[in-house]
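# Fold and contact review
This is what each chain is made of:
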Amino acid sequence: MHNIPLEKVVSVSNLVRLIRRMDEYETWKRAVFIRDRFTCQHCGARNGGKRVIEADHIESITLLVKENKVDSVESARGCKALWDVSNGRTLCHSCHEQTESYPGRFVSDMKR
């Protein structure tokens, strides 16, 4: 590869994995949880016990990466759409699994 920076050749799925590990992602997730009072926006379950809450991008991270031409961790940092709290919602794991963009569901739907 002719002096192309490594982050420029990372696949979208790998870039999404890296984005989910960023401090900015943790900050976004925490802001979504606080706004939603740590409560699932579908069923009303709260975090604790056997219930686990998760922050969900309503418009998926993958779509945002593609639409905004994010091609590196650095460009992700500057992409306001990724960190827009209004594009997030708190869901319990069970409700999150029912969304179209849930990774496990997406993979199983692809196998059908």
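Below you will find a few notes about this structure. (Residues numbered from 1 in each chain as written. Predicted model: local features only at pLDDT ≥ 70, side-chain atom pairs only at ≥ 80, totals over all residues. Heavy atoms only, no water.)

## Regarding the pairing of strand 1 (residues 53-57)
Most of strand 1 sits out of view: five of its five residues are buried. Here strand 1 shows a buried face lined by Ile-53, Ala-55 and His-57 and a second buried face lined by Glu-54 and Asp-56. Inspection of the sheet shows strand 1 paired to strand 2 (residues 88-92) by five bridges, in the antiparallel sense. Bridging across to strand 2, Ile-53 finds its partner in Cys-92. (Buried < 20%, exposed > 50% of the residue type's maximum accessible area, 1.4 Å probe, protein only. Helix = DSSP H or I, 4+ residues; strand = E, 2+ residues; numbered from the N terminus. Pairing = 2+ DSSP bridges.)

## A short note on the side chain of Arg-89
By secondary structure assignment, the location of Arg-89 is in strand 2. Side-chain polar atoms of Arg-89 contact the side chain of Asp-56, separated by 2.7 Å. Arg-89 has contacts with Val-32, Arg-35, Asp-36, Gln-41, His-42, Glu-54, Ala-55, Asp-56, Ile-58 and Thr-99, leaving out every residue within four places of it along the chain. (Polar contact = N/O pair within 3.5 Å; in protein donor to acceptor, adjacent residues only side chain to side chain. Contact = heavy atoms within 4.5 Å.)

## Description of the state of the cysteines
With the rule as written, the count across this model stands at zero disulfides. Of all cysteine sulfurs, the one in Cys-95 lies closest to Cys-92, which takes part in no disulfide; the gap is 3.6 Å. Here Cys-95 falls in the buried class, since its relative accessible area comes to 15%. (Disulfide = S-S within 2.5 Å.)

Geometry only, nothing functional implied.
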